[in-house]
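Descriptive analysis of the structure
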Amino acid sequence: MERGIGLAVAPELRQVVADPDRALIREALAGDEAAFETLMARHWRSMTGVAMQLLARPDDAEDAVQEAFLQAFTHLHGYRGDASVKTWLLRIVINVCRNKQRQWWRRPWILVEDSRQLQCEVEPSVGQGDEYLQQQAVLEAVRRLPEKLRLPFVLHFLEDLTGAEVARLLGCKESTVWSRIYTARKVLQAQLKAWDDE
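Residues numbered from 1 in each chain as written. Predicted model: local features only at pLDDT ≥ 70, side-chain atom pairs only at ≥ 80, totals over all residues. Heavy atoms only, no water.

Topic: the overall build of the protein
Summing up its helical and strand segments, the protein has ten helices and zero strands in all. Going from N to C terminus, the protein has its helices and strands arranged as α-α-α-α-α-α-α-α-α-α. Every one of the 198 residues in the protein was classed for burial, and the buried ones make up 38%. Considering only contacts in the protein between residues 6 or more positions apart, those separated by 24 or more positions represent 63%. Looking at the protein as shown, the accessible area adds up to about 12,400 Å², and 54% of this sits on carbon and sulfur atoms. (Helix = DSSP H or I, 4+ residues; strand = E, 2+ residues; numbered from the N terminus. Buried < 20%, exposed > 50% of the residue type's maximum accessible area, 1.4 Å probe, protein only. Contact = heavy atoms within 4.5 Å. Areas by Shrake-Rupley, 256 points an atom, 1.4 Å probe, with all protein chains shown as cover.)

Here you go:
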C-alpha cells in the first residue's frame, strides 16, 4: 500500500501563514523599509480608529498614530511574537494616547476646542438624512463611554479582536473584558433610547 505524501510545514512558516505581518517585521528588521511601510498601510486605519475613540480630535489622533508607528519602528526588535502584530501595534497607540491625555492638563484650551469639534461632527451636513444622524449619535454615545468601557467595546466590535486578545492588550482578565463590553452595550442602549425619546 502506498502512503500518501504529506507536506510538513515548519512552525515558523505556519506563523507566517497565520499572521503575514510577522514576515513583514522580519523583513523590516533585515532593513527593508518597504516592508515597514506595508505594515503601516495595513494597520493605519485600525490604529486611527482606536486613537479617535481615545482622543476625539482628528489632529491629535493622527499625531498619536504617527508617534506610535515611530515607536514601533524604533523598537521593532522588541516585538516578541506573543501577540499578533495588530495587537502589539494597538497596544503602542493606546499607550501613546494615554500619555497625550495625561498631558492635556497643561493645555486646558483643548477641552473647549474639543467640545466645539464634537458639536460640529454631530450636526448633519446639507442633504444628509436620518441614517447619518443615527451613525453620528452612535459615535457620540461611544465617545461618551468611560475609557474602561469604551476601549474593550471598540477593540472587540470595531477592530474584531477576540476577548482574549483584548484582555492581553489591556492587561486584564478575559472575564473583565466581557463584563465591560456587556456594561458598555447596556449604557449605549440606554443612551440611544433616551435620545430617541427626546
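That shown, we press on.
Regarding a negative patch on the surface
Negative charge collects at one region of the surface, where Glu27, Asp32, Glu33 and Glu37 lie side by side. Its location among the elements puts Glu37 in helix α3 (residues 33–55). (Patch = residues over 30% accessible without salt bridge, like charges linked within 9 Å, V, L, I, M, F, W, Y side chains within 5 Å. Salt bridge = Lys/Arg side-chain N within 4 Å of Asp/Glu carboxyl O. Lys, Arg positive; Asp, Glu negative; His and termini not counted. Charge placed at Lys NZ, Arg CZ, Asp CG, Glu CD.)

Let's talk about the layout of surface pockets
Counted as a void, the second largest pocket has a volume near 150 Å³. In terms of lining residues, the second largest pocket is bounded by Gln71, His75, Gly78, Tyr79, Arg80, Asp82, Trp88, Arg91, Ile92 and Asn95. Broken down by element, the lining of the second largest pocket gets its largest block of residues, four residues, from helix α5 (residues 85–103). Broken down by class, the residue content of the lining of the second largest pocket amounts to three nonpolar, four polar and three charged. (1 Å grid on protein atoms, 1.4 Å probe; cavity = no way out; pocket = protein on both sides within 12 Å on 5 of 7 lines; lining within 4 Å. Points joined across faces, edges and corners; volume = space filled by probe spheres on them. Nonpolar A, V, L, I, M, F, W, Y, C, P; charged D, E, K, R; others polar.)

Points about the confidence of the model for the protein
When pLDDT is averaged along the protein, the result is 77, and 74% of the positions lie at 70 or above. Between the elements of the protein, mean pLDDT differs from a low of 35, seen in helix α6 (residues 109–122), to a high of 92, seen in helix α4 (residues 58–74). Note on residues 105–127: pLDDT is under 50 here. Beyond four places in sequence and across chains, it has 24 contacts. (pLDDT = per-residue confidence, 0-100.)

Observations concerning the packing of aromatic side chains
Applying the stated rule across the entire model yields five aromatic pairs. Ring plane angle 45° and centroid distance 5.0 Å describe the contact between Phe153 and Phe157, whose orientation is recorded as tilted. One end of the pair, Phe153, and the other, Phe157, are both in helix α8 (residues 147–158), four residues apart, so they sit about a helical turn from each other. By relative accessible area, which is 35% here, Phe157 ends up partly exposed. Taken together, the ring pairs in this structure connect Phe36, Trp44, Phe69 and Phe73 into an aromatic cluster. (Phe/Tyr/Trp six-rings, centres within 6.5 Å; stacked < 30°, edge-to-face > 60°.)

Examining helix α2 (residues 20–29)
Considered for burial, the residues of α2 that qualify are Asp21, Arg22, Ala23, Leu24, Ile25 and Ala28. Just beyond α2, the residue with positive phi is Gly31, at close to 105°.

Points about the side chain of Thr87
With respect to the secondary-structure elements, Thr87 resides in helix α5. Judged by its relative accessible area of 0%, Thr87 is buried. Reaching out from Thr87, the side chain makes a polar contact with the side chain of Ser84 at a distance of 2.9 Å. Apart from the residues lying within four places of it in its own chain, the contact partners of Thr87 are Leu161, Glu165 and Leu169. (Polar contact = N/O pair within 3.5 Å; in protein donor to acceptor, adjacent residues only side chain to side chain.)

Quick notes on the pattern of salt bridges
Summed over all chains, the structure comprises eight salt bridges. The residue Arg42 makes a salt bridge to Asp21 at a minimum N-O spacing of 3.3 Å. Residue Arg42 is located in helix α3, and its partner Asp21 is located in helix α2; the two are separated by 21 residues in the primary sequence. We classify Arg42 as partly exposed; its relative accessible area is 43%. Because the salt bridges share partners, they merge into one network encompassing Glu140, Arg143 and Arg144.

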